[in-house]
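Per-entry structural report
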Amino acid sequence: MNNYLIPANSKKSQLILGFFTGIDLILFSSGVGLTLILLLTIQSANLGVMLLILSPALITSFLVMPIPYYHNVLQFIVNIYTYFSERKRFYWKGWCYDGKDY
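Summary of the structure given here. Every chain is numbered on its own, with residues counted from 1 as its sequence reads. The model is predicted, so local features are restricted to residues of pLDDT at least 70 and side-chain atom pairs to those at 80 or more, both for listing and for counting; the totals for chains, interfaces and linings are taken over all residues. Side-chain metrics in this entry use all non-hydrogen atoms of the structure; hydrogen atoms and water are not considered.

Quick word on the overall build of the protein chain
Strands are runs of DSSP state E lasting at least 2 residues, helices are runs of H or I lasting at least 4, and numbering of each runs from the N terminus. The helix and strand tally for the protein chain stands at three helices and zero strands. Along the protein chain, from the amino end to the carboxyl end, the secondary structure elements read α-α-α. Burial classes follow relative accessibility: with a 1.4 Å probe on protein chains only, a residue under 20% of its type's maximum area counts as buried, one over 50% as exposed, and anything between as partly exposed. Here the protein chain holds 102 residues, and the buried ones make up 9% of them. It only takes one pair of heavy atoms within 4.5 Å for two residues to be counted as in contact. The long-range fraction of contacts in the protein chain, counting pairs at least 24 apart against all pairs at least 6 apart in sequence, stands at 42%. For accessible areas, the Shrake-Rupley method is used with a probe of radius 1.4 Å. Any residue's cover is judged against the shown protein chains and nothing else. A total accessible area of about 9,600 Å² is found for the protein chain, and carbon and sulfur atoms account for 68% of it.

This is the structure we're talking about:
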């Protein structure tokens, strides 16, 4: 018979802290490291500059954040990017379109 039951959380045990892969931690640590270097080198009290300095850590945190339904969220992000980056063509036929292109 050899019917094996695989528990639902079997993949979680292969992750670091149950959430992250090694690449996730490398990406996050590089973003935080770059932010720390920028914080130590650039001395500014301007809010815009501070947000720019903190952006590597914020972006990498967003990229490695464990999100439920990952594929749905990824597809949503791709749709947003596609919407804002591609040229939009709107075909308005109107409510009385008779099938002829004039």
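What to know about the packing of helix α1 (residues 22–41) against helix α2 (residues 47–64)
The contact between α1 and α2 brings their axes to 8 Å, and the two run at 170°. Looking at the two axes, α1 sits roughly antiparallel to α2. Residues D24, L27, F28, G31, V32, L34, T35, L38 and L39 of α1 lie in contact with α2, whose contacting residues are M50, I53, L54, P56, A57, T60, S61, L63 and V64. Axes here refer to lines fitted to C-alpha atoms; in helices the fit is confined to the stretch in contact. Angles between the N-to-C directions go from 0 to 180 degrees. Here the angle decides the label: under 35 degrees means roughly parallel, over 145 means roughly antiparallel, 65 to 115 means roughly perpendicular, and every other value means oblique.

Structural notes on the side chain of T60
Topologically, T60 is positioned in helix α2. With a relative accessible area of 8%, T60 lands in the buried category. In protein, a polar contact requires one atom able to donate a hydrogen and another able to accept it; more generally it is a pair of N or O atoms within 3.5 Å, and residues adjacent in sequence count only if both atoms are side-chain atoms. A polar contact is formed between the side chain of T60 and the backbone oxygen of A57, at a distance of 3.2 Å. Apart from residues lying up to four places away in sequence, T60 is in contact with L27, F28, G31 and V32.

Digging into the environment of S85
For S85, the location among the structural elements is in helix α3 (residues 70–85). Judged by relative accessible area, which is 42%, S85 ranks as partly exposed.

Concerning the packing of aromatic side chains
Ring pairs shown here join Phe, Tyr and Trp side chains whose ring centres sit within 6.5 Å, with only the six-membered ring taken for Trp; geometry is labelled stacked below 30 degrees between planes, edge-to-face above 60, and tilted in between. In the structure shown here, the tally under the stated rule is one aromatic pair. Aromatic side chains Y83 and F84 sit 5.1 Å apart centroid to centroid with 80° between the ring planes, which places their arrangement in the edge-to-face category.

Structural notes on the environment of A57
Along the chain, A57 falls in helix α2. For A57, a relative accessible area of 15% translates into the label buried. Expressed as a C-alpha distance, the spacing of A57 and T35, which sit 22 residues apart in the sequence, is 6.0 Å. With residues up to four places along the chain from it excluded, the contact list for A57 reads G31, V32 and T35.

Observations regarding a nonpolar patch on the surface
A surface patch of nonpolar side chains, amounting to about 1,000 Å² of accessible area, comprises L27, I59, F62, L63, M65, F76, I77, I80, Y83 and F84. For the nonpolar patch, the secondary-structure elements that each account for two or more residues are α2 and α3. Here the nonpolar patch takes five residues from α3, the largest share from any one element. With respect to the helices and strands, M65 occurs in the loop between α2 and α3. The partly exposed category is assigned to M65, whose relative accessible area is 42%. Patch definition: residues with relative accessible area over 30% and no salt bridge; like charges joined within 9 Å; nonpolar side chains (Val, Leu, Ile, Met, Phe, Trp, Tyr) joined within 5 Å. Put simply, a salt bridge is a Lys or Arg side-chain nitrogen that is within 4 Å of an Asp or Glu carboxyl oxygen.

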